[in-house]
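Residues per chain, in single letters:
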Amino acid sequence: MKIARTIEDLSTYKKELGEGKFAYVPTMGALHEGHLSLVQLAKEKADHVIVSIFVNPTQFAPHEDFDSYPRMEEKDARMLEEEEVDILFVPNESVMYPDGKNSTIKAGDAAEGLETTFRPHFFDGVVNIVSRLFWAVKPDVAIFGQKDFQQLQVIIQMVEDQNMGIEIIGAPIARDESGLALSSRNLYLSAEELPIARQLNVILREAAKTGNLEEAEQKLLGIGFDKVDYVASRWNRILGAAWLGKTRLIDNVASE
Ligand code: AMP
């Protein structure tokens with residue numbers, strides 16, 4: 001596996017790999033089985049696989065966890081090497097934002113509501129970094145997790161609106177044995193918080209059966225979530241976001 005830190009190195013390593021289809025998996029690192037399931041899907045869809053790790057400052061608000069977001073590049077690189085990833089792209093901020101973050105694009109209407117109500121700048125930050133990463137990597141296919149379901153819709157819309165000609169594939173949510181959606185932020189959960197976190201998917205599944213979203217919010221608060229940002233129905237999914245202490249968890253399940 002080659003590690004590219006600049007767009008020039010990335011292009012060189014791509015050329016060395018020669019002909020064939022390139023699949024791309026963007027991540028913010030602190031990799032877990034969920035990320036690896038995206039890599040495995042990427043391998044099925046293309047001849048070569050590129051993964052990036054970049055903790056994108058523009059999608060974090062000043063009070064959010066940008067500084068404390070887990071960073072473990074060496075461990076991540078070993079995991080990706082084992083998955084036989086061809087290129088790991090690890091740019092720094094000046095590679096991704098040579099303009100000092102001045103030139104920006106806006107997320108489309110898939111970004112309205114849900115996450116945006118609580119994180120108003122989040123999806124603009126996401127489309128800015130993902131479009132820049134797409135120009136750098138120039139993949140044929142890119143894989144995103146359904147875990148971040150609204151994000152997936154925003155990316156699909158961006159690629160269509162800008163005729164980027166990249167196929168976007170949504171990968172199923174990887175969960176632990178209790179059904180908790182795997183997330184880098186699960187590393188923040190204490191031993192007391194973990195069993196509560198594990199109820200999020202259970203309560204969303206119940207809401208998918210009963211259609212009672214208000215009841216689901218009350219149940220989440222009742223079992224120990226400190227705050228519920230939303231439980232909502234959209235795109236034939238029930239989506240939820242809730243806080244446990246300083247940790248914000250999101251998840252979604254299919255509507256029934
Ligand atoms: P992140 O590093 O959290 O920005 O996530 C990078 C990619 O992995 C995004 O497309 C996420 O939706 C996806 N992802 C994160 N967690 C999971 C999961 N548990 N199952 C499937 N995809 C995931």
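You'll find the structure just up there.
This one's a predicted model, so the numbers in the text were calculated from it and none came from an experiment.

(A) Representation of the site of the ligand in the model. What surrounds the ligand is a group of 16 residues, the closest being M28, G145, D148, A174 and L182. One of the side-chain nitrogen or oxygen atoms of H35 is found 2.9 Å away from an oxygen atom of the ligand. Side-chain polar atom of D148 to an oxygen atom of the ligand: 2.6 Å apart, as the coordinates give it. Contact with the protein chains removes 92% of the 480 Å² of surface that the ligand exposes when unbound. Mapped onto the shell around the ligand, the elements with two or more residues apiece are strand 2 (22-27), helix 2 (33-45) and strand 5 (141-145). If you tally residues by element for the shell around the ligand, the top one is helix 2, at three residues. Considering only residue class, the shell around the ligand consists of nine nonpolar, five polar and two charged.

(B) Seen up close, a negative patch on the surface. On the surface, a cluster of negative charge is contributed by D109, E112, E160 and D161. Relative to the assigned elements, D161 resides in helix 7 (residues 149-161).

(C) Summary view of the pattern of salt bridges. A full pass over the atoms with the stated rule returns 15 salt bridges. Its salt-bridge partner being R248, residue D229 comes within 2.8 Å of it at the nearest N-O pair. Taken as a pair, D229 in strand 7 (residues 227-234) and R248 in strand 9 (residues 247-254) lie far apart in primary sequence, 19 residues in all. An identical accessibility class is assigned to D229 and R248; each is buried. When salt bridges that share partners are traced, they join E115, K227, D229 and R248 into one network.

(D) Focus on the packing of aromatic side chains. As enumerated under the stated definition, the model contains eight aromatic pairs in all. Ring geometry for F134 versus F144: centroids 6.3 Å apart, planes at 75°, classification edge-to-face. In this pair, F134 sits in helix 6 (residues 122-137) while F144 sits in strand 5, placing the two residues 10 residues apart along the sequence. F144 shares its class with F134; the two are buried. An aromatic cluster is built from Y24, F134 and F144, whose rings are joined through pairwise contacts. Against the face of F66 rests R71, its NZ or CZ located 4.8 Å from the ring centre.

Cut-offs and rules
Residues numbered from 1 in each chain as written. Predicted model: local features only at pLDDT ≥ 70, side-chain atom pairs only at ≥ 80, totals over all residues. Heavy atoms only, no water. Near = heavy atom within 4 Å. Polar contact = N/O pair within 3.5 Å; in protein donor to acceptor, adjacent residues only side chain to side chain. Areas by Shrake-Rupley, 256 points an atom, 1.4 Å probe, with all protein chains shown as cover. Helix = DSSP H or I, 4+ residues; strand = E, 2+ residues; numbered from the N terminus. Nonpolar A, V, L, I, M, F, W, Y, C, P; charged D, E, K, R; others polar. Patch = residues over 30% accessible without salt bridge, like charges linked within 9 Å, V, L, I, M, F, W, Y side chains within 5 Å. Salt bridge = Lys/Arg side-chain N within 4 Å of Asp/Glu carboxyl O. Lys, Arg positive; Asp, Glu negative; His and termini not counted. Charge placed at Lys NZ, Arg CZ, Asp CG, Glu CD. Buried < 20%, exposed > 50% of the residue type's maximum accessible area, 1.4 Å probe, protein only. Phe/Tyr/Trp six-rings, centres within 6.5 Å; stacked < 30°, edge-to-face > 60°. Lys NZ or Arg CZ within 6 Å of the ring centre and 35° of its normal.

Note that all results are geometric; they support no functional claim without further evidence.
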